[in-house]
Amino acid sequence: MTAQPAQAHRTADLPAERPVPAAGPVDASPISLTPAAGDDLDPVWRSVVTETRTRGNDIHLPISLAYAERLCDAHPDADRLLVRVAILLHDTGWGRVDESRIISEGFTGDWRKAAIRFEHEKQGCIIAREVLPGLGYAEPFVDAVCAIIDGHDTRQDAYSLEDALVRDADRLWRFDHAGIALASGWFRMDPATYTDRLQAEIIPELITAAAVEMASADLGRSRALLKTAVIR
Ligand SMILES: [Fe+2]
Ligand SMILES: [Fe+2]
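Small disclaimer: the values here were computed from a predicted structure and weren't measured.

J.: I'd love a proper account of the coordination of the iron ion (ligand 2), names of residues and values included.
T.: Coordination of the iron ion (ligand 2) by the protein comes from H60 (NE2), H90 (NE2), D91 (OD) and D170 (OD), over a distance range of 2.0 to 2.2 Å. Because the angles between the four donor atoms bound to the iron ion (ligand 2) fall within 87 to 177°, the donor set is best described as irregular. Between consecutive donor residues of the iron ion (ligand 2), the sequence gaps follow H-x29-H-D-x78-D. The metal-metal distance between the iron ion (ligand 2) and the iron ion (ligand 1) is 3.9 Å, with D91 serving as a donor to both. With H60 in helix 3 (residues 57–74) and D170 in helix 8 (residues 161–172), this residue pair connects regions lying 110 residues apart in the sequence. In this structure H60 comes out as buried when scored by relative accessible area, which is 1%.

Structural data, given as structure tokens:
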């Protein structure tokens, strides 16, 4: 008897309209007011503590998870657990690549196409496959998580609503002042220049209207807080 192939985990279709309109409530208040809720993912966090110690993942991942949960509120059709687990793990692969190459290759030149970008995606999938099955996550679910992690930085388009929400959550954390503080240094930019870049380059990349609304609100608050109009 041959084994039946495991059924693929169902994902929601990504509407064609851009930005994708929200179907549920949009919360654009400061992200610190709504940390990621629940403790169901605590075992996953505990499994990747080592990998969170690289490239600011212990700041980026929990903040992006909080944004991902807001995006799921705005898009109730999305598989919430898939989005949450995928955003939690998406960058853990940075913990297993050559750290000296992260800044030298990962944030300069054509950084989106740098080999180290592909490597951190591949390593992230390996980590997901190491960690999730032992915590009770079914194989089709793990496959769906890896499908999002693989290519999250290097693939041009999102292929599902869940993939799109992970991509938006991955960008949204940069608009909070904690994200600006950390990521401006990676790009060797002062905060004013970095916030200009967020406005010009990152907002147009956002897929959902909810993310655009949150990013714009955060950007206004962060610019005021950091006095970027004056300190430039
Ligand atoms: Fe990444
Ligand atoms: Fe990321």
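J.: Please provide a residue-by-residue account of the pattern of salt bridges, values included.
T.: One pass over the full model with this rule turns up 19 salt bridges. The salt bridge partner of R84 is E69, with a shortest N-O separation of 2.7 Å. With R84 in helix 4 (residues 80–89) and E69 in helix 3, the pair connects residues that are 15 residues apart, well separated along the chain. Here R197 ties to E201 by a salt bridge, and the two come within 3.4 Å at their closest N and O atoms. One end of the pair is R197 and the other is E201, both in helix 10 (residues 191–202) and four residues apart, which spans about a single turn. A single network of salt bridges, built from pairs that share partners, joins D40, E69 and R84.

J.: Lay out the packing of helix 10 against helix 11 (residues 209–226) in plain terms, naming residues and giving numbers.
T.: Their axes nearest at 11 Å, the elements helix 10 and helix 11 cross at an angle of 170°. What the angle tells us is that helix 10 and helix 11 run roughly antiparallel. Along its contact with helix 10, which presents P191, T195, D196, L198 and Q199, the element helix 11 presents L219, R223 and L226. Partitioned by chemical class, the residues of the contact of helix 10 with helix 11 number four nonpolar, two polar and two charged.

J.: Tell me what's going on with helix 3, and back it up with residues and numbers.
T.: For helix 3, which comprises 18 residues, the first-to-last C-alpha distance of 25 Å matches the rise-based estimate of 26 Å (1.5 Å per residue) to within 8%. Helix 3 sits mainly inside the fold: 14 of its 18 residues count as buried.

J.: Please set out the packing of aromatic side chains residue by residue, giving values where relevant.
T.: For any pair of aromatic rings, the description consists of the separation of the ring centres together with the inter-plane angle of the planes. Scanning the model with the defined rule gives three aromatic pairs in all. A ring pair is formed by W173 and W186, whose centres lie 6.0 Å apart and whose planes are at 50°; its orientation type is tilted. Of this pair, W173 sits in the loop between helix 8 and helix 9 (177–186) while W186 sits in helix 9, and the two are 13 residues apart along the sequence. Here the two residues W173 and W186 agree in accessibility, since each one is buried. The positively charged end of R197 is found above the aromatic ring belonging to F187, 4.5 Å away from the centroid.

J.: Explain the coordination of the iron ion (ligand 1) residue by residue, including any values.
T.: At the metal site, the iron ion (ligand 1) is ligated by D91 (OD), H120 (NE2), H152 (NE2) and D153 (OD), and these contacts range over 2.1 to 2.5 Å. Coordination geometry of the iron ion (ligand 1): the four donor atoms subtend angles of 84 to 166° at the metal centre, consistent with an arrangement described as irregular. Along the chain, the residues that donate to the iron ion (ligand 1) are spaced as D-x28-H-x31-H-D.

J.: Which residues make up empty space enclosed by the protein, and what are the values?
T.: Inspection of every chain in the model, using the stated rule, returns one cavity of 30 Å³ or more. Approximately 160 Å³ is the volume found for the largest cavity. Secondary-structure elements contributing two or more residues to the lining of the largest cavity are helix 6 (115–131), helix 8 and helix 10. Its residues placed into classes, the lining of the largest cavity shows four nonpolar, two polar and ten charged.

The rules behind these values
- Residues numbered from 1 in each chain as written.
- Chains lettered and ligands numbered in written order.
- Predicted model: local features only at pLDDT ≥ 70, side-chain atom pairs only at ≥ 80, totals over all residues.
- Heavy atoms only, no water.
- Donors = N, O, S within 2.8 Å, 3.2 Å for Na, K, Ca; no water.
- Tetrahedral: all angles 85-135°; square planar, octahedral: opposite > 155°, others 65-115°.
- Helix = DSSP H or I, 4+ residues; strand = E, 2+ residues; numbered from the N terminus.
- Buried < 20%, exposed > 50% of the residue type's maximum accessible area, 1.4 Å probe, protein only.
- Salt bridge = Lys/Arg side-chain N within 4 Å of Asp/Glu carboxyl O.
- Axes fitted to C-alpha atoms, helices over the stretch in contact; angles between N-to-C directions.
- Parallel < 35°, antiparallel > 145°, perpendicular 65-115°, else oblique.
- Contact = heavy atoms within 4.5 Å.
- Nonpolar A, V, L, I, M, F, W, Y, C, P; charged D, E, K, R; others polar.
- Expected span 1.5 Å × (residues − 1).
- Phe/Tyr/Trp six-rings, centres within 6.5 Å; stacked < 30°, edge-to-face > 60°.
- Lys NZ or Arg CZ within 6 Å of the ring centre and 35° of its normal.
- 1 Å grid on protein atoms, 1.4 Å probe; cavity = no way out; pocket = protein on both sides within 12 Å on 5 of 7 lines; lining within 4 Å.
- Points joined across faces, edges and corners; volume = space filled by probe spheres on them.

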